[in-house]
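Each chain, written out:
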Amino acid sequence: MDPLRTLWETFFDWESMREALPEMLTVGLPNTLILAVTAALLGSALGILLAVAGISRTRWLRWPARVWTDVFRGLPAAATILLIGVGLAPLGMQVWGPNPYPLGILALSLIASAYLGEIFRSGIQSVEATQLEAARALGFSWREAMRRVIIPQGIRRILPAWVNQLIALIKDSSLVYFLGLLASQRELFRIGQDYAANTGNQSALLLAGLFYLALTVPLTHAVNWIDKRLRHGRPEAGPTDDPDDLDLALPGAAGGNQR
Amino acid sequence: MNTSVSLSLRDVHLAFGRHRVLRGVDLDVARGGTACVIGPSGSGKSTLLRTVNRLLEPDRGDVLLDGRSVLRDDPDALRQRIGMVFQQFNLFPHMSVLRNITLPLRRIRRLGEDEAVARARAELDRVGLAAKADARPAHLSGGQQQRVAIARALAMQPQVMLFDEATSALDPELVKGVLALMAELSAQGMTMVVVTHEMGFARQVADTVAFMDAGVVLEAGDPQSLFESPQHPRLRRFLSQVL
């Protein structure tokens, strides 16, 4: 057999792909999405706390937020997932039994929170100080002013960055296989890898790669679209200088239509 | 409007670091009266205004609302009784005009949705912008935005209104409408402190005009005497430059 043909069959063996496809669709894809989306939500909640702590006037909130961010942004994702997933496993065993998912999601969330915290902080700080002053002048407490006026505006501005983080999570979720998954818990990468290991043919892994691209490429374009609209306003609204002059249905655009 | 109160500032001092912005300011506004504060940029006018609702805390001195020190009140509760209008309008850009007004009514005054909407629509009607209820602030002209900001403050039924150069950021043709609205409020008996560069407005609407320079009130009195026969040389120079 000529080498080119061998190479082609290593990656594009349709039979291997067809064999792996059902399990990718029914097991791998849902699991990848569960890992990424749950970690995105939990990471966002943690990230908001980190952001608020990061701009707090108290050093005792600012400092831990700083350290947290440095640690989880500075460690390789694989190291964090192993450290949390293996290190906390005895603890996890007592709480929810021998299921690596919660710790995997926790580790992914911690990683995401470090990035998202910085993203949220820059978003909050990009909202003009006069907005806070106006809210306070009406009688809102600092908390309420942040919650009702500042954070909603900041979040709009960081949606493109948030979607980028979701893309990173979709990719990093492949590392959770380190923690040892049951057959029904395997995500896209692990399923592809298993098929590839059993057959010695990489086609199933390539199929897994195509699934990742099917998720991440549209999201990348969604980011560009959001970014463009944030800068130029809605097409029918005409040009505007004000980035807030928008009525975006972004959660749908960012994640909803991928499923 | 019969909720008006009297307001007096007593020897108010405030420094930002080593920069002494207010150096012992006294100002009295009668119940239902309108005081205009004029003076060159950087004289401390806007800073003074912010000590009334405690967006800034004075280092020394006192602010009395109907004889009672505002420094003894909870700042949030105090601000709910004092309306403030800013140079840059400061509407919340991510919500409609109507919701800009109903948000504080719902969350601070704890009104039900229907009542908040009814009151907001009434205030919008009063400032002539009932038709813009569902628009975003960015789709309004500066003058319209400022009138919405005034409606938002009025909907809280404040006892005192503070205006911080409310027309300085407006295109000239839009100034008139906002000033007319402020004059109307004044005529209705709202107690007002107005920091302004509009000498015509100060002359016609104010009961008291105070001239500030370098953190002190150099001269104060009724507009007639202050504009017709200014005593302080700095005031005379200032008036010759702006009139």
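Residues numbered from 1 in each chain as written. Chains lettered and ligands numbered in written order. Predicted model: local features only at pLDDT ≥ 70, side-chain atom pairs only at ≥ 80, totals over all residues. Heavy atoms only, no water.

In this section: the overall build of chain A. Of the regular secondary structure elements, chain A holds eleven helices and zero strands. Secondary structure elements of chain A, listed N to C terminal, follow the sequence α-α-α-α-α-α-α-α-α-α-α. For chain A, the proportion of its 259 residues judged to be buried stands at 45%. Considering only contacts in chain A between residues 6 or more positions apart, those separated by 24 or more positions represent 73%. For chain A, the accessible area works out to roughly 13,300 Å², and carbon and sulfur atoms hold 64% of it. (Helix = DSSP H or I, 4+ residues; strand = E, 2+ residues; numbered from the N terminus. Buried < 20%, exposed > 50% of the residue type's maximum accessible area, 1.4 Å probe, protein only. Contact = heavy atoms within 4.5 Å. Areas by Shrake-Rupley, 256 points an atom, 1.4 Å probe, with all protein chains shown as cover.)

So, on to the pattern of salt bridges. As enumerated under the stated definition, the model contains 26 salt bridges over all chains in all. Across the pair Arg50(B) and Asp164(B) runs a salt bridge whose closest N-O atoms are separated by 2.9 Å. In this pair, Arg50(B) sits in helix α1 (residues 45–52) while Asp164(B) sits in strand β7 (residues 160–164), placing the two residues 114 residues apart along the sequence. We note that Arg50(B), like Asp164(B), is buried. One salt bridge connects Asp73(B) with Arg68(B), and the closest N-O pair in it is separated by 3.0 Å. Within this structure, Arg66(A), Asp70(A), Arg73(A), Glu118(A) and Arg121(A) form a network of salt bridges that share partners. (Salt bridge = Lys/Arg side-chain N within 4 Å of Asp/Glu carboxyl O.)

This part covers the sheet that holds strand β5 (residues 68–69) of chain B. Residues and elements named next belong to chain B. Pairing within the open sheet is antiparallel, and its four strands lie in the order β2-β1-β4-β5. Looking along the sheet, the strands with just one partner apiece sit at the ends: β2 (19–29) and β5. Taken strand by strand, α1 contacts β1 (7–16), β2 and β4 (60–65), and its axis lies near 115° from that of β1. (Pairing = 2+ DSSP bridges. Axes fitted to C-alpha atoms, helices over the stretch in contact; angles between N-to-C directions.)

What follows is about the side chain of Arg148(A). Along the chain, the position of Arg148(A) falls in helix α8 (residues 142–172). Judged by relative accessible area, Arg148(A) falls into the buried class, the value being 16%. The residues contacting Arg148(A), other than those within four sequence positions of it, are Phe140(A), His94(B), Met95(B), Leu103(B) and Arg107(B).

Facing the 22 residues of chain A at the interface are 24 residues of chain B. Summing both partners gives a buried area of about 2,000 Å² for chain A against chain B, and 58% of it is carried by carbon and sulfur. Our count for the contact surface shared by chain A and chain B stands at two salt bridges. For the side of chain A that touches chain B, the secondary-structure elements that each account for two or more residues are α7 (129–138) and α8 of chain A. The element that contributes the greatest number of residues to the side of chain A that touches chain B is α7(A), accounting for eight residues. Of the residues that constitute the side of chain A that touches chain B, the class distribution is eight nonpolar, five polar and nine charged. (Buried area = accessible area lost by both parts, 1.4 Å probe. Nonpolar A, V, L, I, M, F, W, Y, C, P; charged D, E, K, R; others polar.)

The next subject is the nonpolar core. With 147 residues, the main nonpolar core has Leu7(B), Ile38(B), Leu124(B), Ile150(B), Met161(B), Phe163(B) and Met182(B) as its most contacted residues. Setting aside residues no more than four positions away along its own chain, Phe163(B) makes contact with Leu49(B), Val85(B), Ile150(B), Met182(B), Leu185(B), Met192(B), Val193(B), Val194(B) and Val195(B). (Core = buried A, V, L, I, M, F, W, Y, C linked by side-chain atoms within 4.5 Å.)

Turning our attention to helix α4 (residues 113–126) of chain B. Residue and element names in this part refer to chain B. The terminal C-alpha atoms of α4 lie 20 Å apart, and with 14 residues this matches the ideal 20 Å at 1.5 Å per residue to within 8%. Among all positions of α4, only Ala116, Val117, Arg119, Ala120, Glu123 and Leu124 are buried. Taken down its axis, α4 places every buried residue within 165° of arc, on the same side. When the buried face of α4 is taken as reference, the exposed residues oriented beyond 90 degrees from it are Asp114 and Asp125. Against the buried residues of α4 lie α3 (97–107) and α5 (142–155). Directly after α4, the chain includes Gly128, whose backbone phi takes a positive value near 80°. (Expected span 1.5 Å × (residues − 1). Arc of directions from axis to C-beta.)

A few words now on the UniProt feature "domain: ABC transmembrane type-1" (unreviewed entry) in chain A. Here, UniProt's "domain: ABC transmembrane type-1" (unreviewed entry) annotation points to residues 29–223 of chain A. As annotated, residues 29–223 of chain A comprises 83% helix and 0% strand, and the C-alpha atoms at either end are separated by 22 Å. (UniProt positions renumbered as here; feature names shortened; annotations may be inferred.)

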